[in-house]
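# Secondary and tertiary structure notes
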Amino acid sequence: MFSSLVKNIGSRAFKGSRTVGSIFINRAQLSSLVFIEHKNKKIDNATLNTITAAKNLGGPVSALVAGSDAQEIAGQVAKLDGIDKVIVANNPIFDNNLAEVITPLLASVHENIKSTHILASHSNIGKRILPRLAAKLDVQQISDIISIENESTFVRPVYAAFPPAIEKDSASPTEETTAPEITAKSVWVKEEVIKADRPDLSSAKIVVSGGRAVKSVEGFKIIQDLADKLGAAVGASRAAVDAGYCDNSLQVGQTGKIVAPQLYIAIGISGAIQHLAGMKDSKVIVSINKDPDAPIFQISDYSMVGDLFKIVPELTEKI
Ligand code: FAD
């Protein structure tokens, strides 16, 4: 086990990319194991960034695909640039990515292939699995990696930097792995997906976000009306969420969702670093704030200084 050198950076240099969580084990021969997240027979986008991160490390990259659809996903993974081998755990016990069952599986695969680095995307799933795995293997976990300088020097936090993995001409070999004996104490109950008429916040092309300045649940309706006119998703700052003006699933930022739409409209949001962490990769940023010195204007492409209660309804009406 070794510690890593950590640098702090925070700029707009890293566009449209995601962070990676990783575990490091000091061995002579560099090799990586990537946990592949997938859903509805599709590889998760953040996992594609993670594969590129593993490739950047330099050694051979193995991918672990688990669950009932593992074989099908393995075919897709094997074709990705950067992947040298795909390991398949074709077993429904691994559906839904319960940390309790994925962790021993990863540990067992790691024991077989003796990887020096184990990587997963910085998702809810990765964040549940990697700390357990680190404890199990008694090694250090490093979160939020945005760039790799070498096998022991990593740049963090947030604002990821790895482009998604792309398809190559040939497919890497795949092999089956036998699941270790696992007794799970938790069971998957169900997934409740909130049905909404608006686009999904994480993948919407346009996001309209409101901050503390909307002042109330009624005030937040101004944000929703504009979003509906634009066919946009609704977002919010943590201050708006904490004040109860909207649901916490709308929070954008370091501790909320990370978005990178074509257009992000920030209304009555000051531009705290934790908010910027979740939206600064947006292609075009428009801000409305009554304070001409609001920090949000520093990263905005279009800035409107004025009262949101006047500007936003006018804008909505004119669209
Ligand atoms: P404020 O900072 O209060 O800004 C309100 C803005 O509205 C001001 O700029 C003001 O000039 C403007 N305004 C006021 N009235 C009007 C008006 N009538 N018309 C136009 N403009 C007006 N924050 C997040 O957003 N997301 C996160 O994920 C997040 N994670 C955090 C994690 C940690 C560990 C910590 C410590 C903080 C986190 N925060 C997060 C909180 C963050 O630091 C800020 O407190 C928060 O983003 C502020 O929200 P705001 O911009 O809505 O409110």
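Structure's up top.
Notes on the structure in this doc start here. Because the structure is predicted, anything quoted here is derived from the model rather than measured. (Residues numbered from 1 in each chain as written. Predicted model: local features only at pLDDT ≥ 70, side-chain atom pairs only at ≥ 80, totals over all residues. Heavy atoms only, no water.)

## Section: the overall build of the chain
- Within the chain, the regular secondary structure consists of 8 helices and 17 strands.
- When burial is assessed residue by residue, the chain has 49% of its 319 residues classed as buried.
- Excluding contacts between residues fewer than 6 apart, the proportion of contacts in the chain whose partners are at least 24 apart in sequence is 69%.
- Accessible surface computed for the chain: about 15600 Å², of which carbon and sulfur atoms make up 49%. (Helix = DSSP H or I, 4+ residues; strand = E, 2+ residues; numbered from the N terminus. Buried < 20%, exposed > 50% of the residue type's maximum accessible area, 1.4 Å probe, protein only. Contact = heavy atoms within 4.5 Å. Areas by Shrake-Rupley, 256 points an atom, 1.4 Å probe, with all protein chains shown as cover.)

## Details of the nonpolar core
- Judged by nonpolar contacts, the single largest core of 26 residues is most densely connected at I36, V65, V77, I83 and V86.
- Of all the secondary structure elements, the ones that give two or more residues to this core are α1 (45-57), β6 (61-66), α2 (70-78), β7 (85-89) and β9 (140-145).
- The contact partners of I36, leaving out residues within four places of it in the chain, are I43, T47, I51, A63, L64, V65, I73 and V77. (Core = buried A, V, L, I, M, F, W, Y, C linked by side-chain atoms within 4.5 Å.)

## Topic: the packing of helix α5 (residues 217-230) against helix α8 (residues 308-318)
- Between α5 and α8, whose axes approach to 9 Å, the crossing angle comes to 25°. One way to sum up the angle between α5 and α8 is to call them roughly parallel. When you trace α5 past α8, the crossing you get is left-handed. From α5, G219, I222, D225, L226 and K229 reach across to α8, where they touch L308, F309, V312, P313, L315, T316 and E317.
- Classifying every residue of the contact of α5 with α8 gives 7 nonpolar, 2 polar and 3 charged. (Axes fitted to C-alpha atoms, helices over the stretch in contact; angles between N-to-C directions. Parallel < 35°, antiparallel > 145°, perpendicular 65-115°, else oblique. Left-handed = near helix turned anticlockwise from the far one by under 90°. Nonpolar A, V, L, I, M, F, W, Y, C, P; charged D, E, K, R; others polar.)

## A closer look at the pattern of salt bridges
- Inspection of the entire model under this criterion finds 10 salt bridges.
- Its salt-bridge partner being D225, residue K221 comes within 3.2 Å of it at the nearest N-O pair. Placement of the pair is K221 and D225 together in helix α5, with a separation of 4 residues, close to one helical turn.
- Among the ionic contacts, a cluster of salt bridges with common partners joins K41, D69 and E72. (Salt bridge = Lys/Arg side-chain N within 4 Å of Asp/Glu carboxyl O.)

## Examining the site of the ligand
- Around the ligand, the surrounding shell holds 25 residues, and the nearest of these are R212, S237, T255, S270 and N289.
- R212 has a polar side-chain atom sitting 2.6 Å from an oxygen atom of the ligand.
- In this structure, L308 approaches the ligand through a main-chain N or O atom, which is 2.8 Å from a nitrogen atom.
- Secondary structure elements with two or more residues in the shell around the ligand: α6 (238-242), α7 (273-279) and α8.
- Split by residue class, the shell around the ligand holds 7 nonpolar, 13 polar and 5 charged. (Near = heavy atom within 4 Å. Polar contact = N/O pair within 3.5 Å; in protein donor to acceptor, adjacent residues only side chain to side chain.)

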